[in-house]
Amino acid sequence: MWRLHRAAVACEVCQSLVKHSSGIKGSLPLQKLHLVSRSIYHSHHPTLKLQRPQFRTSFHQFSSLTNLPLRKLKLSPIKYGYQPRRNFWPARLAARLLKLRYLILGSAVGGGYTAKKTFDQWKDMIPDLSDYKWIVPDIVWEIDEYIDLEKIRKALPNSEDLAKLAPDFDKIVESLSLLKDFFTTGHKLVSEVIGASDLLLLLGSPGETAFRATDHGSESDKHYRKVTDKEKIDQLQEELLHTQLKYQRILERLEKENKELRKLVLQKDDKGIHHRKLKKSLIDMYSEVLDVLSDYDASYNTQDHLPRVVVVGDQSAGKTSVLEMIAQARIFPRGSGEMMTRSPVKVTLSEGPHHVALFKDSSREFDLTKEEDLAALRHEIELRMRKNVKEGCTVSPETISLNVKGPGLQRMVLVDLPGVISTVTSGMAPDTKETIFSISKAYMQNPNAIILCIQDGSVDAERSIVTDLVSQMDPHGRRTIFVLTKVDLAEKNVASPSRIQQIIEGKLFPMKALGYFAVVTGKGNSSESIEAIREYEEEFFQNSKLLKTSMLKAHQVTTRNLSLAVSDCFWKMVRESVEQQADSFKATRFNLETEWKNNYPRLRELDRNELFEKAKNEILDEVISLSQVTPKHWEEILQQSLWERVSTHVIENIYLPAAQTMNSGTFNTTVDIKLKQWTDKQLPNKAVEVAWETLQEEFSRFMTEPKGKEHDDIFDKLKEAVKEESIKRHKWNDFAEDSLRVIQHNALEDRSISDKQQWDAAIYFMEEALQARLKDTENAIENMIGPDWKKRWLYWKNRTQEQFVHNETKNELEKMLKCNEEHPAYLASDEITTVRKNLESRGVEVDPSLIKDTWHQVYRRHFLKTALNHCNLCRRGFYYYQRHFVDSELECNDVVLFWRIQRMLAITANTLRQQLTNTEVRRLEKNVKEVLEDFAEDSEKKVKLLTGKRVQLAEDLKKVREIQEKLDAFIEALHQEK
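Now for a quick tour of the structure. (Residues numbered from 1 in each chain as written. Predicted model: local features only at pLDDT ≥ 70, side-chain atom pairs only at ≥ 80, totals over all residues. Heavy atoms only, no water.)

## Digging into a positive patch on the surface
On the surface, Lys-717, Lys-728, Lys-941 and Lys-944 cluster together into a patch of positive charge. Counting only elements with at least two residues in the positive patch, the list comes to helix 25 (716-729) and helix 34 (939-945). Mapped onto the fold, Lys-717 is located in helix 25. (Patch = residues over 30% accessible without salt bridge, like charges linked within 9 Å, V, L, I, M, F, W, Y side chains within 5 Å. Areas by Shrake-Rupley, 256 points an atom, 1.4 Å probe, with all protein chains shown as cover. Salt bridge = Lys/Arg side-chain N within 4 Å of Asp/Glu carboxyl O. Lys, Arg positive; Asp, Glu negative; His and termini not counted. Charge placed at Lys NZ, Arg CZ, Asp CG, Glu CD. Helix = DSSP H or I, 4+ residues; strand = E, 2+ residues; numbered from the N terminus.)

## A word on the pairing of strand 10 (residues 480-485)
By the criterion of burial, strand 10 is predominantly enclosed, with six of the six residues buried. The alternating pattern of strand 10 places Thr-480, Phe-482 and Leu-484 on one face and Ile-481, Val-483 and Thr-485 on the opposite face, and all of these are buried. Strand direction decides the pairing type here: strand 9 (residues 450-456) and strand 10, joined by six bridges, are parallel. Residue Ile-454 lies in a different strand from strand 10, and its bridge partner there is Val-483. As paired strands, strand 10 and strand 11 (residues 515-518) are joined by four bridges and run parallel to one another. Bridged to Ile-481 within strand 11 is Gly-515. (Buried < 20%, exposed > 50% of the residue type's maximum accessible area, 1.4 Å probe, protein only. Pairing = 2+ DSSP bridges.)

## Digging into the pattern of salt bridges
Proximity of charged atoms lets side chains of opposite charge pair with each other. If you walk through the whole model with that rule in mind, you get 41 salt bridges. Residues Arg-378 and Glu-371 are paired through a salt bridge, measuring 3.2 Å at the closest nitrogen-oxygen approach. Between Arg-729 and Asp-934 there is a salt bridge, with the nearest N and O atoms lying 2.9 Å from each other. In this pair, Arg-729 is assigned in helix 25 and Asp-934 in helix 33 (residues 893-937), connecting sequence segments 205 residues apart.

## Regarding the pairing of strand 4 (residues 345-351)
In terms of residue burial, strand 4 counts as a mostly covered element, since six of its seven residues are buried. In this sheet, strand 7 (residues 400-406) lies alongside strand 4 in parallel orientation, the contact comprising seven bridges. Bridged to Glu-351 within strand 7 is Gly-406.

## Brief notes about the state of the cysteines
Here, disulfide denotes a covalent bond that connects the sulfur atoms of two cysteines. Applying the stated criterion to the full structure yields one disulfide. Between Cys-874 and Cys-892 runs a disulfide, and the two sulfur atoms are separated by 2.1 Å. A torsion of -100 degrees about the S-S bond marks the disulfide between Cys-874 and Cys-892 as left-handed. On the criterion of sequence distance, the pair formed by Cys-874 in helix 31 (residues 848-874) and Cys-892 in the loop between helix 32 (878-882) and helix 33 is long-range, its members being 18 residues apart. (Disulfide = S-S within 2.5 Å.)

Written as structure tokens, this is what we have:
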């Protein structure tokens, strides 16, 4: 301790001598905590007072963007006075001996000053434990209230007083050399004096002649060699570099210990040991603001001026590697030469007890300390990117939001953009290059965005594309940080090392930046760990010529310094711009609220999600109303719809062929055969189709019919889409046809009509069916022969030549039917020839096929009129039907056929109604709920189906209010942190 005290006195004296001597002025080398800090702060004020540290939430970081360059150490020559030599040597000897007191006094004062300086340096190296001040008792922070440290400091001598007590070391060395033969026991003291001279050599100037004691074999033989200025400068630079590296290692050790301590404390907080309520972190609050803002303003126009760190660079420039070094984990997918970043990835870095990552829209946490979780995270990011990319495109502007937490991470928000390419290769969309440029410009044109420009140092700087783009967006370099990657390859391959310095300083191309950094991101092996890369980076810069030759400053290297600088710049930009952004959103909110009051004064402000919920409730209510339809209504519409579907087949393929037979036995046989074939093959399927269509029609009627004054047409598109999708997903029960086939077959086999009322109902049903067919037949004949004489006279219409031929043929065939009213359904060949010749005799040329077509309609009308007349006769035939038409010329088998058809329709309608009400309506309701749930998760679907000025205005109002509220909460938390 006594030697330490003496060395401190000598150090203080030397400083005083240098300060008051003539020559080039210089400053002491800075040995601070961190490489970044040494170039900014130099606290050697002798009057430091122990103060209670202010409460801060994280370890204090220093910016490297405003570092002052280290100044080389120079000392002014010391002028020595001339002492006259006297002849009385005993007096001289006594005088020399008396000067030993100066040596002892100087050593004591110097040792005290050195101890004080050492204490100040180690005090600065202690990490900021303000976050854990609850561990230390309050008496420690209040010690200055009990001890007057200022009074003690003033009692100590200052540097000027110490300088007056400093001895003449040159004379001391000279005197001791004269006394070496007389006082051999003083060898140890002489060595200490020579050691003090070595200390003066370390603090000396280039113009001063220095001496160093060396031993050449015996203790008594010592001499001093002269050191040149260049050697002293090289020696000082080498010692300065070693000192910097030594303190860098100390800093890393302290940071590691600090990280473990913070992790332990945060884990205890998670377990609730201290029962403190943890608030949401500041960076997480800011990230939520950016997420809400990106949803509101996807184009990033003038409304979005909130800062974010935008990472841009040429493809394969090492952009992803730099981000992974900052995040301390390999979180991004990689590919050899293939474009992997296909959409922007917003990474929010924050401090936490565990190193984990999670997506904004997912609750799953990926443990970044486990390789399987890292692989799963990279795979998930790749899947999300490919999902965002639309068909026919290579990149997408859709942003993936990822949060990364861990001990010691710097708090900031980074956006990783797709790498800028020069040419479009095979497999890419033709507009890929332009799309990447537009995405990059959209992010960089934000005046508060920090541009992290990544440049590959192993290639020529002139080949870079991104530097031109960055220079266009930020021509003055006020918010750009330039990062040169792969410096190890550059130093190995570049012939001129000064070229790297020119790139860093922006002299090779016209690009200005706020700060310049050089980093090493590994040896090119993707399996390297982050810790291994960091060790390799530090080892490289320790031995790099770039740092030794001062081409690069200590604060300009390593990703650690880069991370500190970017975080510091990010928060500085946030503090400067966030309140202005909050004010702009307040004005926007006022404008939107005023517009709503003027346009929709009596409506609630419902955004798209709220409108969807309201429409969802209405649709579910309408589906419930579908189950409340009465059974009678279902059976009526089912029976009517089924008859409309099968009536043509019944009349044309069953009734008419059977009615044209000669007797009742043949009629019944034909009817039974055709009904059996129809039931086995077509009828059940037709019935199910009719039931499904009926259900759709009723569902559509409930969905689309107006609800009076409460009807809101804004839901029409959504309801139509839900209806179509629900019907598309619904499938009728497969077993319905089998059960219907048995029921229908039994109903058609029953020929028993129990009473006169059923008989009359069958006749009425038959008449309606025949009259409808007769009307259709007359319309067909009218279209075939053209307008009659009345329409021709009243409406000035004429017949075409074809219609004229059809009319003449019709008249000729009607004459033939009048002669034989029981004519069969088909014309014989001789009859066709007769009709053709009769027409030709009147000058009408006619084709045999035209005669057959005309005969079909004429005979059909004649047959239907005859059948209707027969219905009138059968009204009194129920008595004969009960006697099975025995001893009666009246046979009403056709009425029995229609009774069988009518009963089959009624039984089928009843069966289908039961299936509808018991099964299908519920299944349809289930499908509607599933469709609504799918639509609720599909934002694009909701935007497409719920549109209009009213919806957009309400949507903007909600987003602006949410952004403003989050901004206000963030600003309040930001002020509290200060």
